[in-house]
Protein chains: 2
Amino acid sequence: LTVVGIGPGTPDWRTREAEAAIALADDLVGYRLYLDLLGDAALGKRRHEKPLGEETERVRLALDLAAEGRNVALISSGDAGIYALATLAWELVEREDRPRWNRLDIRVAPGVSALQAAAARAGAPIGHDFCTVSLSDLLTPWEVIERRLKAAAAGDFVVALYNPVSQRRREHLASARAILLEARPPETHVVLARNLGRPEETITFTTLGELTTDMVDMLTLVLIGSRETRRCRRGQHDFIYTPRGYAGKGVGI
Amino acid sequence: LTVVGIGPGTPDWRTREAEAAIALADDLVGYRLYLDLLGDAALGKRRHEKPLGEETERVRLALDLAAEGRNVALISSGDAGIYALATLAWELVEREDRPRWNRLDIRVAPGVSALQAAAARAGAPIGHDFCTVSLSDLLTPWEVIERRLKAAAAGDFVVALYNPVSQRRREHLASARAILLEARPPETHVVLARNLGRPEETITFTTLGELTTDMVDMLTLVLIGSRETRRCRRGQHDFIYTPRGYAGKGVGI
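Residues numbered from 1 in each chain as written. Chains lettered and ligands numbered in written order. Predicted model: local features only at pLDDT ≥ 70, side-chain atom pairs only at ≥ 80, totals over all residues. Heavy atoms only, no water.

### Comments concerning the overall build of chain A
Then step 1. For chain A, the count of helices and strands is 8 helices and 13 strands.
Then step 2. In terms of principal-axis extent, the alpha carbons of chain A reach across some 60 × 40 × 35 Å.
Then step 3. Put simply, chain A has 253 residues, and 60% of those count as buried.
Then step 4. Sequence-distant contacts in chain A: of pairs separated by 6 or more residues, those separated by 24 or more amount to 67%.
Then step 5. Roughly 9600 Å² of accessible area belongs to chain A as shown, and the carbon and sulfur atoms make up 48% of that amount.
Then step 6. Counting 33 positive and 34 negative side-chain charges, chain A places the averaged centre of each group 3 Å from the other. (Helix = DSSP H or I, 4+ residues; strand = E, 2+ residues; numbered from the N terminus. Buried < 20%, exposed > 50% of the residue type's maximum accessible area, 1.4 Å probe, protein only. Contact = heavy atoms within 4.5 Å. Areas by Shrake-Rupley, 256 points an atom, 1.4 Å probe, with all protein chains shown as cover. Lys, Arg positive; Asp, Glu negative; His and termini not counted. Charge placed at Lys NZ, Arg CZ, Asp CG, Glu CD.)

Following this line, the structure appears as structure tokens:
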């Protein structure tokens, strides 16, 4: 069983390892949208589509197929190890302790996460210390998320928000913005990246002060600069980046 | 000009976009070790090697070659946007404001960072909120780094330490460990990943209590678990992962 991160959208962001794991697989297990993104690479393979929200069933099926001796690729978007299915696979192996799963050869193929693709499109906003925080409170209490956001603010980290909104929950993004605004000015730069690596991709530059929840949907990665993050126009370039150094230290060593 | 992240070590972790940018380039600019990692992909191209430590000269050369009309790939290991050359390229474009650079088509090709490769080898330690902190004080004052570490401890983030030691500076790792030990127990899981993606790759599991500076060198990525991170043995598997959920919330939704 290989848990494969296929990157966001385009096959251009897929690694050789991910492509090889898919090519060798007899069975592909994943959310339909991600299997569709594979295009021709999925031809001739057994497809096992499960809807979003049935992650546990999807991973259990992949483990069971592998235990039957089949070569299985369990497909995640982005990086399989970042808010994705690799964690759930290991959770199930630990919790259920099934001899037929414990015998398997389980591998994780990392990939480009949405954070990195958004950064590459915007310039270099994660060129210095950054953190990721998921705003989903399905499995994590909001108090823990809030504590993380306060810590991110105190440490002046560049912050990538994963799962900024869901269908049933849209208020956490405003709370996150308010927490960060206590520590950084409203002019702090923000990148909104939507549909990364797809034809309908959009990259929007805004600021923490101007950010509103209706600018963000479930497909949006929200990247919030630190106090050092800069936006700059030079000729045809409009870019956001976080310098390597601080004003107190010389730049250009 | 494309600033290309080639991932750590093996071409298996290289994206299609990175390979295409290298294939199309007339000129490759980079640290010799990284150009050597390209193997046959570098054949027939002009190579411009600069030693480590001359990053600014390397990026300036790449911009100048591109301004002469050449197709240039500036080679970073890992992700070009994470503690790598993309930030420096944008810094130089802003600071020097040269018309011949401002006209260029500058792109960043993201890649698998050491953090992600280490995580994939270990299990799924960055399956929940994480942060990265560079311990290099070449350009960042130690007080800022210390504040970041304290914030990471307060937020119970999984922490990836980049540049944990250098030739002239080995004391910061012990300071980082001490700061994290104020907030997490000595049993906290740690992954040490060295020479990722190369034949001599080693992955070592240890704990924060047992971590000593002589276990770490310049080629080591240090990944420190949160209070939730678990190590587990099941059959042939020995893995470290950070669950998606918290004890207070049900697992398996």
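### With respect to the pairing of strand β8 (residues 158-162) of chain B
Side-chain direction in a regular strand flips from residue to residue, so the side chains alternate between the two faces of the sheet.
Residues and elements named next belong to chain B.
Then step 1. Most of β8 sits inside the fold, with 5 of its 5 residues counted as buried.
Then step 2. Burial along β8 is two-sided: the residues V158, A160 and Y162 and V159 and L161 are all buried.
Then step 3. Bridging between strand β7 (residues 130-134) and β8 involves 5 bridges; their strand directions are parallel. The residue bridging C131 from the neighbouring strand is V159, located in β8.
Then step 4. As a crossover connection, the stretch from β7 through helix α7 (residues 142-154) into β8 is right-handed.
Then step 5. Of the strand pairs in this sheet, β8 and strand β11 (residues 220-224) are connected by 3 bridges, and their pairing is antiparallel. From the neighbouring strand, A160 faces β11, where its bridge partner is L223. (Pairing = 2+ DSSP bridges. Right-handed = clockwise from strand over helix to strand, strands pointing away.)

### Focus on the environment of D26 of chain B
All names here are of chain B.
Then step 1. By the secondary structure assignment, D26 is in the loop between α1 (16-24) and β2 (27-30).
Then step 2. Among the residues examined, D26 registers a relative accessible area of 35% and is labelled partly exposed.
Then step 3. Separated by 39 residues in sequence, D26 and L65 place their C-alpha atoms 9.8 Å apart.
Then step 4. Apart from residues no more than four positions distant in its own chain, D26 is found in contact with K45, R46, R70 and N71.

### Digging into the pairing of strand β4 (residues 72-76) of chain B
All names here are of chain B.
Then step 1. For β4, a buried count of 5 out of 5 residues is recorded, marking the element as mostly surrounded by other parts of the structure.
Then step 2. Of the two faces of β4, the one holding V72, L74 and S76 and the one holding A73 and I75 are both buried throughout.
Then step 3. In terms of strand pairing, strand β1 (residues 2-5) meets β4 through 4 bridges, oriented parallel. When the sheet's bridge partners are listed, T2 is paired in β4 with A73.
Then step 4. The pairing of β2 with β4 spans 3 bridges and is classified as parallel.

### Let's talk about the interface of chain B and chain A
Then step 1. With 79 residues of chain B in contact, the opposing surface of chain A contributes 80 residues.
Then step 2. Of the roughly 7400 Å² buried between chain B and chain A on both sides combined, carbon and sulfur atoms contribute 54%.
Then step 3. Considering only the side of chain B, the residues that lose the most area to chain A are E94, L139 and R148 of chain B, jointly responsible for 11% of the buried surface there.
Then step 4. At the surface where chain B touches chain A, the tally comes to 10 salt bridges.
Then step 5. The residue D129 of chain A makes a salt bridge to R148 of chain B at a minimum N-O spacing of 2.9 Å. (Buried area = accessible area lost by both parts, 1.4 Å probe. Salt bridge = Lys/Arg side-chain N within 4 Å of Asp/Glu carboxyl O.)

### Quick look at the pattern of salt bridges
Then step 1. Going through the model one piece at a time under the given rule, you end up with 44 salt bridges over all chains.
Then step 2. Notably, a salt bridge pairs E96 of chain A with R60 of chain A, separated by 2.6 Å at the nearest N-O pair. Taken as a pair, E96 of chain A in helix α4 (residues 85-96) and R60 of chain A in helix α3 (residues 55-67) lie far apart in primary sequence, 36 residues in all.
Then step 3. The partner of R47 of chain B in a salt bridge is E49 of chain B, and the shortest N-O contact between them spans 2.8 Å.

### Section: the sheet that holds strand β5 (residues 107-109) of chain B
All names here are of chain B.
Then step 1. The strand order across the open sheet formed by 5 strands is β3-β2-β4-β1-β5, and the pairing between neighbours is parallel. In this open sheet, the two strands that pair with only one neighbour each are β3 (46-49) and β5. If you compare each strand with its neighbour and ignore which way they point, the axes differ by 20 degrees on average.
Then step 2. Lying on the sheet, α1 is in contact with β1, β2, β4 and β5; it crosses β1 at an angle near 130 degrees. (Axes fitted to C-alpha atoms, helices over the stretch in contact; angles between N-to-C directions.)

### Quick look at the state of the cysteines
Then step 1. In total, this model carries 0 disulfides over all chains according to the counting rule given.
Then step 2. With no disulfide of its own, C131 of chain A has C131 of chain B as its nearest cysteine by sulfur position, at a separation of 6.4 Å.
Then step 3. By relative accessible area, which is 0% here, C131 of chain A ends up buried. (Disulfide = S-S within 2.5 Å.)

### Digging into the sheet that holds strand β3 (residues 46-49) of chain A
Residue and element names in this part refer to chain A.
Then step 1. An order of β3-β2-β4-β1-β5 is seen for the 5 strands of this open sheet, with the pairing classed as parallel. Only two strands of the sheet have a single neighbouring strand rather than two, namely β3 and β5 (107-109). For this sheet, the mean inter-axis angle between neighbouring strands, taken without regard to orientation, is 20 degrees.
Then step 2. In terms of strand pairing, strand β2 (residues 27-30) meets β3 through 4 bridges, oriented parallel. Each residue of the ladder has a partner; that of D27, found in β3, is R46.

### Description of the side chain of R184 of chain A
Then step 1. Turning to its location among the elements, R184 of chain A is positioned in the loop between α8 (172-181) and β9 (189-194).
Then step 2. Every residue in contact with R184 of chain A, bar those within four places of it in the chain, is listed here: A152, A153, D156, F157, V158, V159, L208, I224, G225, S226 and R227 of chain A.

### Here we look at the nonpolar core
Then step 1. Of all hydrophobic cores here, the largest spans 48 residues; its most connected members are V133, L135, L149 and L161 of chain A together with V133, L149 and L161 of chain B.
Then step 2. Setting aside chain neighbours within four positions, we find V133 of chain A in contact with Y83, I145, R148, L149, V159, A160, L161 and Y162 of chain A together with D129 and F157 of chain B.
Then step 3. Counting residues in each nonpolar core, the second largest holds 41 residues, with F130, A160 and V191 of chain A together with I240 of chain B among its members. (Core = buried A, V, L, I, M, F, W, Y, C linked by side-chain atoms within 4.5 Å.)

### As for the confidence of the model for chain A
Residues and elements named next belong to chain A.
Then step 1. Across chain A, the average pLDDT comes to 94, with 96% of residues at or above 70.
Then step 2. Low pLDDT, under 50, characterises residues 248-253; the stretch is placed with 16 contacts to residues that sit more than four places away or in other chains.
Then step 3. Complex prediction metrics read pTM 0.95 and ipTM 0.95. (pLDDT = per-residue confidence, 0-100.)

### So, the packing of aromatic side chains
Then step 1. Counted under the stated rule, the structure contains 10 aromatic pairs over all chains.
Then step 2. Ring geometry for F157 of chain A versus F157 of chain B: centroids 6.5 Å apart, planes at 40 degrees, classification tilted. Within this pair, whereas F157 of chain A is found in the loop between α7 (142-154) and β8 (158-162), its partner F157 of chain B is found in the loop between α7 and β8, the two belonging to separate chains. Both residues of the pair, F157 of chain A and F157 of chain B, count as buried.
Then step 3. Taking 5.9 Å as the distance between ring centres and 35 degrees as the angle between the ring planes, the aromatic pair formed by F239 of chain A and Y241 of chain A counts as tilted. Each member of the pair F239 of chain A and Y241 of chain A is classed as buried.
Then step 4. Clustering of aromatic rings is evident, with ring pairs tying together W90 of chain A together with F239 and Y241 of chain B. (Phe/Tyr/Trp six-rings, centres within 6.5 Å; stacked < 30°, edge-to-face > 60°.)

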